[in-house]
Amino acid sequence: MPPPPRARPSRRPVWIIVLIAFFCAVLIWAYVSPSDKPYRSCYYIFSSDKCNSWPPPTPARVYTDEEITSRVVIKDILSAPAVQSKNPKIAFMFLTPGSLPFERLWEKFFQGHEDRYTIYVHASREKTVHTSALFVGRDIRSEKVVWGTSSMVDAEKRLLANALQDPDNQHFVLLSDSCVPLHNFDYVYQFLLGTNISFVDCFEDPGPHGNGRYSEHMLPEVEKKDWRKGAQWFTVKRQHAVLILTDSLYYNKFKHYCKPGEGKNCYADEHYLPTLFNMVDPNGIANWSVTHVDWSEGKWHPKAYRAADVTFELLKNISSIDHSIHVTSNAHKQVQQKPCLWNGMKRPCYLFARKFYPECLDNLMNLFSNFTVF
């Protein structure tokens, strides 16, 4: 009798068994892993819409006590109704190392409008000698200012603190000793008080003299995406002046980590206010300054005008410019040009100009006497 046939070896699909075991292991791991992982649900095999994006969103940052306090205060300042004044004034704040060479020109500018302006002078190096009676008694307590350091912003805050004591001051103009007016007082008054924005220069510069100055020490309060640059010569409405004076959280970051001569040569007066307003009220500023400065020479300092440069044509050309220009500091030298909009209408940008040498006074006096609006 022949032996019974041997049973064939079973060819079970081993790979299916391995695959099932793998999926079981994944499911078990997903359920027993810590629940605080933001991406845990992406391991749920049968999840329908939880894995549509990868990597998973970064969890919201927990704010510090100081940040919460600052955000509440800033929000209240911006949402509060504007302080009404029966006699609104403009505060003209002069930041100067010493005496003001153009006091006689400014006296002519202010003449006849004594109830619509106030003057504050911060002289950081030497006691001022005034040539106009309008400036006598207008000096505030001053401290030493070192170019490029946060002491410049400290002086600006000091000027604002003094000017805010007068409840009638509704707009605040920061000027240097080399600044001159381009229009008569009435034009400037209507321009500044006829709108509800502040004129703070602000743009994004991806180059080494813009974003290249950012330090990660600014984190977490100031992120690189919010970093901005602009000229320091601002004019701000009262609401924004209070905001600047109140802020210490963000300013302390700039005071400690935005300094010249420390690798990146960061200058707080060029970055603090543009970055602050870009973060807290980007729609409340014009993104351009009403003080003209000529950077066309491409040097570290702007063009300075001599007496021979001061002509009617020069001042008329400056006062006719109706677009703001920013040039990035990267290799592309990208030109950013935008129209100057005032209440939605395109208008000339500039009310003041700098930088003028003291020798320009006589020519400027003659021009200002013959032309009330350049």
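From a predicted model like this one, the values you see are computed outputs, not experimental measurements. All chains use their own residue numbering, which begins from 1 and follows the written sequence. Reporting in this predicted model follows two pLDDT cut-offs: at least 70 for local features of residues, and 80 or more for side-chain atom pairs to be given and counted; totals over whole chains, interfaces and linings ignore these cut-offs and use all residues. Side-chain metrics in this entry use all non-hydrogen atoms of the structure; hydrogen atoms and water are not considered.

*Asks:* Would you take a moment to explain the overall build of the protein for this structure?
*Replies:* For helices the rule is a DSSP run of H or I covering at least 4 residues; for strands it is a run of E covering at least 2, with both sets numbered from the N terminus onward. Looking only at helices and strands, the protein features 10 helices and 13 strands. Contacts are assigned to residue pairs that have any heavy atoms within 4.5 Å of one another. Summarising the internal contacts of the protein: among those between residues at least 6 apart in sequence, 78% fall at separations of at least 24. Note on areas: these come from Shrake-Rupley sampling with a 1.4 Å probe, and a residue is covered only by the protein chains present in the view. In the structure as shown, the protein presents an accessible area of about 20,500 Å², 55% of it carried by carbon and sulfur atoms.

*Asks:* Would you mind showing me how to read the sheet that holds strand β8 (residues 291-292) here?
*Replies:* Strands pair in a sheet through their backbones, by hydrogen bonds, and they do so in one of two ways: parallel or antiparallel. The rule for pairing is simple: two strands pair if DSSP sees at least two bridges between them. With mixed pairing, the three strands of this open sheet are ordered in space as β4-β13-β8. The two strands at the open ends of the sheet, each matched to only one other strand, are β4 (180-181) and β8. Direction of pairing for β4 relative to strand β13 (residues 352-353): antiparallel, over a ladder of two bridges. Bridged to V180 within β13 is A353.

*Asks:* Help me understand the packing of aromatic side chains in this model?
*Replies:* We describe a pair of aromatic rings using the distance from one ring centre to the other and the angle between the two ring planes. Pairing of aromatic rings covers Phe, Tyr and Trp, the last counted by its six-membered ring, and requires centre-to-centre distances within 6.5 Å; plane angles under 30 degrees mean stacked, over 60 mean edge-to-face, and any other angle means tilted. Applying the stated criterion to the full structure yields 26 aromatic pairs. Ring plane angle 40 degrees and centroid distance 5.9 Å describe the contact between F191 and W342, whose orientation is recorded as tilted. With F191 in helix α5 (residues 185-193) and W342 in strand β11 (residues 341-342), the pair connects residues that are 151 residues apart, well separated along the chain. In this pair, the class of F191 matches that of W342, namely buried. Only Lys NZ and Arg CZ are tested; either one counts as a charge over a ring when it is within 6 Å of the ring centre and within 35 degrees of the ring normal. Cation over ring: R116 sits above Y189, and NZ or CZ is 4.4 Å from the ring centre. Here K157 stacks its cationic end above the ring of Y251, 5.0 Å away from the centre of that ring. Any residue under 20% of the maximum accessible area for its type is buried, any over 50% is exposed, and the rest in between are partly exposed; the area is computed with a 1.4 Å probe on protein chains only.

*Asks:* What exactly am I supposed to notice about a nonpolar patch on the surface here?
*Replies:* Residues Y63, I68 and V72 make up a contiguous nonpolar surface patch of roughly 260 Å² in combined accessible area. The residue V72 is located in helix α2 (residues 65-79) in this model. Relative accessible area serves as the criterion here: at 45%, V72 is assigned to the partly exposed category. Patch members must show over 30% relative accessible area and no salt bridge, and they are joined within 9 Å when carrying like charges or within 5 Å when they are nonpolar side chains of Val, Leu, Ile, Met, Phe, Trp or Tyr. We count a salt bridge whenever a side-chain nitrogen from Lys or Arg sits within 4 Å of a carboxyl oxygen from Asp or Glu.

*Asks:* What's the story with helix α9 (residues 312-320) in this structure? I'm lost.
*Replies:* Turn by turn, an α-helix covers 3.6 residues, leaving residues three or four places apart pointing in a common direction. Along α9, the residues that are buried comprise L314, L315, I318 and S319. Angular distribution of buried residues about the axis of α9 spans 120 degrees; they occupy a single face of the element. Of the exposed residues in α9, those oriented more than 90 degrees away from the buried face are E313 and N317. Directions are taken from the helix axis to each C-beta atom, and the arc is the one they span.

*Asks:* Is there a simple way to explain the environment of L175 in this structure?
*Replies:* By secondary structure assignment, the location of L175 is in strand β3 (residues 169-176). Overall, L175 belongs to the buried group, its relative accessible area being 0%. Taking the C-alpha atoms as reference points, L175 and R354, 179 residues apart in sequence, are found 9.1 Å from one another. Excluding residues that lie within four positions of it along the chain, L175 makes contacts with F92, M93, F94, L95, W106, W233 and F352.

*Asks:* Is there a simple way to explain the state of the cysteines in this structure?
*Replies:* Disulfides are covalent bonds that link the sulfur atoms of two cysteine residues. By definition, disulfides here are pairs of cysteine sulfur atoms that lie within 2.5 Å. Scanning the entire structure with this criterion turns up two disulfides. A sulfur-sulfur distance of 1.9 Å marks the disulfide that ties C340 to C349. Here the S-S torsion is close to 90 degrees, and the disulfide linking C340 with C349 is therefore right-handed. Residues C340 and C349 agree in their burial class; the two are buried. Shown here for the protein is a disulfide pattern of 1-2, 3-4, where each number marks a bonded cysteine counted in sequence order.

*Asks:* Help me out: how do you make sense of unusual backbone geometry in this one?
*Replies:* Trans peptide bonds make up the majority, and among non-glycine residues the majority have a negative phi. Residue P220 follows L219 across a cis peptide bond; omega there is 0 degrees. With respect to the element layout, P220 can be found in the loop between β5 (198-201) and β6 (235-237). The peptide bond linking R354 to K355 adopts the cis configuration, its omega dihedral lying at 20 degrees. Positioned with a positive phi, N287 is a non-glycine residue whose angle comes to about 70 degrees. Although it is not a glycine, N343 adopts a positive phi angle of roughly 55 degrees. Note on placement: N343 falls in the loop between β11 and β12 (345-346).

*Asks:* How do you make sense of the pairing of strand β9 (residues 323-327) when you look at a structure like this?
*Replies:* Regular strands show a simple pattern: their side chains alternate between the two faces of the sheet. Of the two faces of β9, only the one carrying S324 and H326 is buried; H323, I325 and V327 on the other face are not. Summarising the sheet, β9 and strand β10 (residues 335-339) pair through five bridges and their orientation is antiparallel. Across the sheet, the residue bridging to H326 is Q336, located in β10.

*Asks:* Would you explain the nonpolar core in this entry?
*Replies:* A general feature of soluble globular proteins is that nonpolar side chains tend to end up buried together. Definition of nonpolar core: a set of buried residues of the types Ala, Val, Leu, Ile, Met, Phe, Trp, Tyr and Cys, connected through side-chain atoms within 4.5 Å. One finds F92, W106, F110 and F356 to be the most contacted residues of the largest nonpolar core, which totals 48 residues. Of all the secondary structure elements, the ones that give two or more residues to this core are β1 (89-96), α3 (103-110), β2 (117-123), β3, α5, α9, β13 and α10 (361-370). Excluding anything up to four places from it in sequence, F92 contacts F109, F110, Y117, T118, I119, Y120, V173, L175, F185 and F352. Counting 41 residues, the second-largest nonpolar core is a separate cluster that includes Y120, F172, A268 and Y272.

*Asks:* Explain the packing of helix α4 (residues 151-163) against helix α8 (residues 268-280) here, please?
*Replies:* Helices that pack against each other are described as a pair by the angle of their axes relative to one another and the distance between those axes. A fitted line through C-alpha atoms represents every axis, and for helices the fit uses only the stretch in contact; the resulting angles, taken between N-to-C directions, go from 0 to 180 degrees. α8 packs onto α4 with a crossing angle of 55 degrees between their chain directions and a minimal axis gap of 8 Å. The angle between α4 and α8 falls in the class oblique. Relative to α8, α4 is oriented so that their crossing is right-handed. Residues M152, V153, E156 and K157 of α4 touch α8, and the partners they reach there are A268, D269, Y272 and L273. In this scheme, roughly parallel covers angles under 35 degrees and roughly antiparallel covers those over 145, while 65 to 115 is roughly perpendicular and the rest are oblique. Should the near helix be turned anticlockwise from the far one by less than a right angle, the crossing is termed left-handed; should it be turned clockwise, right-handed.

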